[in-house]
Amino acid sequence: MLDPKLIRESPDLVRAAIARKHLDTDLDAVLALDQAWRTLLQEVETLRGRQKAANNAMATMPKGSPEFQAKVLEMKSVSSLVKEREAGLKETEEKWRQAMLTLPNLPHASVPEGRNPEANIVQSLHGAHAEPRPHALPHWEIAGFDRLFDFARGAKVTGAGFPFFIGDGARLVRALLNFFLAENAKAGYVEVSPPIFVNAASATATGQLPDKEGQMYETADKLYAVPTAEVPLTNFFRDEILDEAALPVYRCAYTPCFRREAGSYGKDVRGLNRLHQFDKVELLKWVHPSTSYDELEKLRGDAERLLHKLDLPYRVLLMCGGDLGFAQAKKYDLEVWAAGQQRWLEVSSCSNFEAFQARRAQIRFRSKDSGKPELVHTLNGSGLAVPRVLAALLENNLQSDGRVKIPAALVPHFGQEWLSFA
RNA sequence: GGAGAGGUGGCAGAGUGGUCGAAUGCGCGUGCUUGGAAAGCACGUGUUCUCGCAAGGGAACCGGGGGUUCGAAUCCCUCCCUCUCCGCCA
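Residues numbered from 1 in each chain as written. Chains lettered and ligands numbered in written order. Predicted model: local features only at pLDDT ≥ 70, side-chain atom pairs only at ≥ 80, totals over all residues.

Notes on unusual backbone geometry
How we decide: Under the scheme used here, helices are H or I runs from DSSP no shorter than 4 residues and strands are E runs no shorter than 2 residues, and both carry numbers assigned from the N terminus. Partly exposed residues are those whose C-beta has more than 12 but fewer than 20 other C-beta atoms within 10 Å; 20 or more makes a residue buried and 12 or fewer makes it exposed, with C-beta atoms placed from the backbone.
Here the bond from Leu209 into Pro210 is cis, since omega is 5 degrees, no more than 30 degrees from zero. Within the secondary structure, Pro210 is located in the loop between α8 (200-206) and β6 (224-225). Within the chain, Lys222 stands out as a residue other than glycine whose phi angle is a positive 65 degrees. Accessibility expressed as a C-beta count within 10 Å gives 9 for Lys222, which makes it exposed. Positive phi is not limited to glycine here, since Asp239 has a value of about 60 degrees. Tracing the backbone shows Asp239 in the loop between α9 (230-235) and β7 (240-243). A residue is classified by how many C-beta atoms lie within 10 Å of it, and Asp239, with 11 of them, is exposed.

This is how it looks when you write it as structure tokens:
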């Protein structure tokens, strides 16, 4: 959510910033509701002031006295008026809130202009992605792939996009998760194992609701399967005031992630590229607002290090305004090179949300300077998403004999140097 | 799942219809006292919104929502959560 005062005082600035995201928003509707709400609030407060004064006077009057009876009669009409105006106030406030929730976060000044992914800036390239690999195959075409990754039975048991991981396939997933968690711990992130269902309030706070409920699986009692650990993790401190000295807080969490991915098709969803359930380790930071852009660079570096240690070619994209998410102020995508598919796969998104989520979630810290609570800034990034890293690993490390070499950094976690499909 | 008890400020804990944003204690802050500290004493100590250039004024908040009433922390309904006992269970 945006700062209501900013919208009220500098609507043109807000309008211009939202335009950089190339999203349609009706700021005038928000402003009109805000104005209507304030007018009603004044009325209600005046009426309640009258009630309060009358209550105090009546407290000292004899109950049955004529003056008491007169007051009761007088205040009856005020009472019904208050009820009516309060109902209007409440309705207006709710409409305003709903409108506010649909306004996207404003992009940071350093975010490049652009409407489409083509306008994203390739910030850096790492590793030998252009090197010819004669044996490279899309991972789903590697001989024996179906023995380790059983999509057919997954489809039978659950549905498309819910594969079984078997034998070395399952062990490789576990090795990657252990590697990620161990590296992240070294970088200072405290590991958390959160609930993987969240309520509507939590999903609203991080920005999944109200607009993106179609992306989440919902249970019979109105809980949502987490699309990312970001949701339970960010909400850990919802409605809390933190100690300024405790900032920054770094945490990471492994969870399975569930996404309906309605409307996806084609090569995007082949093999491990896009699943309805996948494993991911998420990095999360709660920081002092003055440091959040430094923290974003560090966060990106922490995610990059994982790819670097796995010896996978990757690139860093600085996302343009039009390709930024709804809630992000600035975002880097990390894409790993899949040699067999000859394409880049997104394995991490590192974002600064500034106070956008913190305002929705009411996560604050008590400022030493002002003594008042202020909103923290939240950041998060994948560190990393397993299936696509796995896909790239299979494709880049496939040898001419059909075996796949395990990166040195992963060997201690996997326990062997080669993955066999036999 | 069944039965019962309960949710009040940073914490503990009073308050069962009226001057209660809420006693008291602890904690915390400032000052006095002291060589210094402790104790003691004095004062202060929530959040949000709103009006105002400001000084300052106003309103809301006693788990959430709704209701009764001139008036609700207090009565009623409902939801959530916690605790105790029983059942069930990894």
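Quick word on the domain arrangement of chain A
Just so we agree on the cut-off: An automatic or database domain assignment supplies the start and end points of every domain. Residues are treated as contacting if the C-beta atoms built from their backbones sit within 7 Å of each other. Lys, Arg, Asp and Glu make up the charged group, whereas Ala, Val, Leu, Ile, Met, Phe, Trp, Tyr, Cys and Pro make up the nonpolar group; the residues left over, Gly among them, are polar.
Considered domain by domain, chain A is made up of domain 1 (4-101) and domain 2 (117-419). Computed over C-alpha atoms only, the centres of domain 1 and domain 2 are separated by 43 Å. The interface is formed by four residues belonging to domain 1 together with four residues belonging to domain 2. Residues belonging to the side of domain 1 that touches domain 2 are distributed by class as follows: one nonpolar, one polar and two charged.

As for the confidence of the model for chain A
The predicted structure's coordinates, where accompanied by low pLDDT, should not be read in detail. The line we're drawing: On a scale of 0 to 100, pLDDT captures the predictor's confidence in every residue.
Scored by pLDDT, chain A has a mean of 93; 100% of the residues are at 70 or more. Per-residue pLDDT, averaged within each element of chain A, yields its smallest value for β7 (88) and its largest for helix α10 (residues 292-309) (98). Model confidence for the complex is summarised by a pTM of 0.92, with the ipTM given as 0.88.

Examining helix α2 (residues 11-19)
Selection rule: For this quantity, the arc is that covered by the directions from the helix axis to the C-beta atoms.
Within α2 the residues assigned to the buried category are Val14, Ala17 and Ile18. One side of α2 holds all its buried residues, which, seen down the axis, span an arc of 95 degrees. Turned more than 90 degrees from where α2 packs its buried face, Asp12 and Ala16 sit exposed. Tucked into the core, α2 has its buried residues touching α1 (4-9) and α3 (27-59).

Structural notes on the packing of helix α7 (residues 168-186) against helix α12 (residues 386-397)
How two helices pack is summed up by the angle between their axes together with the distance between the axes. Definition in use: Every axis corresponds to a line fitted to the C-alpha atoms, with the helix fit spanning only the stretch in contact, and the corresponding angles, defined between N-to-C directions, vary from 0 to 180 degrees. An angle below 35 degrees is read as roughly parallel, one above 145 as roughly antiparallel, one from 65 to 115 as roughly perpendicular, and any other as oblique. For a crossing to be left-handed, the near helix must be turned anticlockwise from the far one by less than a right angle; the clockwise case is right-handed.
Remark: α7 packs on α12, axes separated minimally by 10 Å, with the N-to-C direction vectors making an angle of 110 degrees. Taken together, the axes of α7 and α12 lie roughly perpendicular to each other. Crossing geometry of α7 relative to α12 is assigned as right-handed. From α7, Leu172, Val173, Leu176 and Leu177 reach across to α12, where they touch Val386, Val389 and Leu390. Across the contact of α7 with α12, the residue classes break down as seven nonpolar, no polar and no charged.

Here we look at the protein's contact with RNA strand B
Convention followed: Should the C-beta atom of a residue, placed from the backbone, lie within 6 Å of a molecule or strand, that residue is near it.
Around RNA strand B, a shell composed of 22 residues is seen, among which Arg48, Gly49, Ala59, Met75 and Ser79 lie nearest. Those elements giving two or more residues to the surface near RNA strand B turn out to be α3 and α4 (66-101). Counting residues per element, the surface near RNA strand B draws most heavily on α3, at twelve residues. Residues of the surface near RNA strand B, tallied by class, amount to seven nonpolar, seven polar and eight charged.

What about the environment of Tyr224?
Turning to its location among the elements, Tyr224 is positioned in strand β6. Exposure remark for Tyr224: the 22 C-beta atoms within 10 Å place this residue in the buried category. The spacing of Tyr224 and Gln362 is 138 residues in sequence and 21 Å in space, taken between C-alpha atoms. Sequence-distant contacts of Tyr224, that is, excluding residues within four places in its chain, are made with Phe197, Val198, Ala203, Met216, Tyr217 and Glu218.

Focus on α3
Selection rule: Take the residue count of a helix, subtract one, and multiply by 1.5 Å to get its expected span.
The first and last C-alpha atoms of α3 sit 47 Å apart over 33 residues, in line with the 48 Å expected at 1.5 Å per residue. Along its buried surface, α3 packs onto α1 and α4.

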